[in-house]
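Observations on the model geometry
Here is how the chains run, residue by residue.
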Amino acid sequence: MSKDRFKDKTVVVTGASAGVGRATALLFARRGARIGLIARGTEALEATRREIEAAGGSALACVADVSDAQALDAAAERIERELGPIEVWVNNAMVTVFAPFVELEPEEFRRVTETTYLGGVYGTMAALKRMRARNHGVIVQVSSALAYRSIPLQSAYCGAKHALLGFLDSLRCELIHEKSRVHLTAVHMPALNTPQFEWARNKMPHRPQPVPPIYQPEIAAEAVLFAASHRRREVSVGASTWLALLGQRLSPALMDRYLGRTGFEGQQTDKPELNAQPDNLAAPVAGEHATHGAFGARAHRRSPALWIEMHRNSLLLGTLALGLVATACGRRCRNHAPARFDDR
């Protein structure tokens, strides 16, 4: 992949004030892209913009709630007017609630769905409205292993991620029908060390945590950059994502029982939930945010599985070539083997 692939191109990232969104915006900026930043919080969004500009990049901060289709479309209009045609749109914004379904209020479920599902739909609408006219562009949906294999305590979030895949599959077929060159792709993430576990609404007795193995958000950003550069339908990040998808395909009932036994404790730390800080469900948490969360000591900075995913075509061709060479060598050895006679 050329390092100049996105030089002077316009890339939009939603949920850009922290975590994966912030890491993704920074990585695209380092590759020379002009970045349109979208999130709800002015202060945190401006902090991301300053970080990009301090690194020599160019960014425009647009405050908008992705659950507001008109606000999102207006942000896209402003970005194109000030930065140029949008080459890549990354749907990343999300919220979640850690709680058993029976303890969720209808408003909480609705809010998670509006942001995590409809935010992706409305972002795609805003991007496609502009890309389709030019017959060019890439829309990247930041997805999750939970889009295929749900876990307890996050029913609203898992439902939204499942819904996004159904939406993308339908839209992809429509684009193929009209022979559009706009490309849709989804990147399925593993557990990541982002600040969401510090400000997500939590109704459990202990503070939430990502289910190990945990990866740094820069790995997620690298996967998004790769997905935006290659016409892959999906990109899976981390061996844990592979295992989740495989387990769901082989025996979903076994996965149900396993997660029913382990999924509650696995998503909680030993720190009690004191409800001493605000959550970000209804409104953004005030202040400047960060790319990383509180689990850096346990987070992996590399993913061999992602490397394999990114180089799978070359690896498959190499494996095929080795197989052909081995087959040819075997035949040659058999053809040149000395004749054996039976002297009985």
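Higher on the page you've got the structure.
Here the structure is a predicted model, which is why all the values come from computation and not from measurement. (Residues numbered from 1 in each chain as written. Predicted model: local features only at pLDDT ≥ 70, side-chain atom pairs only at ≥ 80, totals over all residues. Heavy atoms only, no water.)

Some details on the overall build of the protein
Rules: Helical segments are the DSSP runs of H or I of at least four residues, strand segments are the runs of E of at least two, and each set is numbered from the N terminus. Accessible area is worked out with a 1.4 Å probe on protein chains only. A residue is then buried under 20% of its type maximum, exposed over 50%, and partly exposed in between. Note on contacts: a residue pair qualifies if any of its non-hydrogen atoms lie within 4.5 Å across the two residues.
Each helix and strand in the protein was counted, giving 11 helices and 14 strands. With the C-alpha coordinates of the protein rotated into their principal frame, the extents come out at 95 × 50 × 40 Å. Here the protein, with 344 residues, has 51% of them falling under the buried criterion. Summarising the internal contacts of the protein: among those between residues at least 6 apart in sequence, 77% fall at separations of at least 24.

Overview of the environment of Pro284
Topologically, Pro284 is positioned in the loop between β13 (268-272) and β14 (299-300). Each C-alpha atom of the pair Pro284 and Glu114 lies 15 Å from the other, and the pair is 170 residues apart in sequence. Pro284 has contacts with Arg40 and Gly41, leaving out every residue within four places of it along the chain.

Quick word on the side chain of Thr48
Counting through the fold element by element, Thr48 comes out in helix α2 (residues 42-54). Setting aside residues up to four positions removed in sequence, Thr48 forms contacts with Ala16, Ser17, Arg22 and Leu37.

Side note on the packing of aromatic side chains
The line we're drawing: Geometry of aromatic contacts follows a simple scheme: Phe, Tyr and Trp rings, the Trp one being its six-membered ring, pair when their centres are within 6.5 Å, and the pair is stacked under 30 degrees between planes, edge-to-face over 60, tilted otherwise.
The tally for this structure, following the rule as stated, stands at 4 aromatic pairs. Where Phe6 meets Phe28, the ring centres are 5.0 Å apart and the plane angle is 75°; that geometry is what we call edge-to-face. With a gap of 22 residues between them, Phe6 in the segment before β1 (10-14) and Phe28 in helix α1 (residues 19-30) connect regions that are remote in the sequence. Linked through ring pairs, Phe98, Phe197 and Phe295 together constitute an aromatic cluster.

Re the pattern of salt bridges
Note the threshold: Salt bridge, as used here: a side-chain nitrogen of Lys or Arg that lies within 4 Å of a carboxyl oxygen of Asp or Glu.
Taken as a whole, this structure holds 24 salt bridges when the rule is applied. Linking Glu108 and Arg201 is a salt bridge whose minimum nitrogen-to-oxygen distance equals 3.1 Å. In this pair, Glu108 sits in helix α4 (residues 106-134) while Arg201 sits in strand β9 (residues 201-202), placing the two residues 93 residues apart along the sequence. A salt bridge links Arg201 to Asp279; the shortest N-O distance between them is 2.8 Å. Of this pair, Arg201 sits in strand β9 while Asp279 is found in the loop between β13 and β14, placing the two residues 78 residues apart along the sequence. Exposure remark for Asp279: the relative accessible area of 24% places this residue in the partly exposed category. Members of the salt-bridge network, linked through shared partners, are Asp65, Glu107, Arg110, Arg111 and Glu114.

Concerning the pairing of strand β4 (residues 86-91)
For clarity, the threshold we go by: A strand pair is defined by DSSP finding two or more bridges across the two strands.
Most of β4 sits inside the fold, with 6 of its 6 residues counted as buried. Across 4 bridges, the pairing between β4 and strand β6 (residues 138-144) is parallel. Among the inter-strand pairings, Trp89 is bridged to a residue of β6, identified as Ile139.

Brief notes about the nonpolar core
Spelled out, the test is: Buried Ala, Val, Leu, Ile, Met, Phe, Trp, Tyr and Cys residues that are joined via side-chain atoms within 4.5 Å together make up what is termed a nonpolar core.
Within the largest apolar cluster, 41 residues are counted, with the highest numbers of intra-cluster contacts made by Phe28, Ile35, Val88, Val140 and Val187. The element that contributes the greatest number of residues to this core is helix α7 (residues 217-229), accounting for 9 residues. Residues contacting Val140, with those up to four places away along its chain left out, are Val88, Trp89, Val90, Asn91, Thr185, Val187, Val224, Ala227 and Ala228. Of all hydrophobic cores here, the second largest spans 30 residues; its members include Ile79, Ala127, Leu128 and Leu175.

What about the pairing of β1?
Taken across its 5 residues, β1 has 5 buried, putting it largely inside the fold. Going residue by residue along β1, you find Thr10, Val12 and Thr14 tucked away on one face and Val11 and Val13 tucked away on the opposite face as well. Pairing of β1 with strand β2 (residues 34-39), which is carried by 5 bridges, proceeds in the parallel orientation. Residue pairing across strands places Val11 opposite Ile35, the latter belonging to β2.

Some points on the packing of α4 against helix α5 (residues 155-177)
Convention followed: To obtain an axis, a line is fitted to C-alpha atoms, over the contacting stretch when the element is a helix, and the angle between two such axes runs from 0 to 180 degrees between their N-to-C directions. Orientation labels follow simple angle bins: below 35 degrees gives roughly parallel, above 145 gives roughly antiparallel, 65 to 115 gives roughly perpendicular, and whatever is left gives oblique. Whether a crossing is left-handed or right-handed is set by the direction in which the near helix is turned from the far one by less than a right angle, anticlockwise for left-handed and clockwise for right-handed. Charged residues are taken to be Asp, Glu, Lys and Arg, nonpolar residues to be Ala, Val, Leu, Ile, Met, Phe, Trp, Tyr, Cys and Pro, and polar residues to be all remaining types, Gly included.
As a packed pair, α4 and α5 sit with axes 8 Å apart at the nearest point and diverge in direction by 20°. By the criterion of interaxial angle, the relationship of α4 to α5 is roughly parallel. Of the two possible hands of crossing, α4 and α5 adopt the one that is right-handed. Listed contacts from α5 to Phe109, Val112, Thr116, Tyr117, Gly120, Val121, Thr124 and Leu128 of α4 are Ser155, Ala156, Tyr157, Ala160, Lys161, Ala163, Leu164, Phe167, Leu171 and Leu175. Classifying every residue of the contact of α4 with α5 gives 13 nonpolar, 4 polar and 1 charged.

Details of a nonpolar patch on the surface
Put simply, the test is: Within the patch definition used here, like charges are joined within 9 Å and nonpolar side chains (Val, Leu, Ile, Met, Phe, Trp, Tyr) within 5 Å, considering only residues with over 30% relative accessible area and no salt bridge. Note on areas: these come from Shrake-Rupley sampling with a 1.4 Å probe, and a residue is covered only by the protein chains present in the view.
Side chains of Trp242, Trp307 and Ile308 sit close together on the surface and give an oily, nonpolar patch of about 300 Å² of accessible area. Counting through the fold element by element, Ile308 comes out in helix α10 (residues 304-310).

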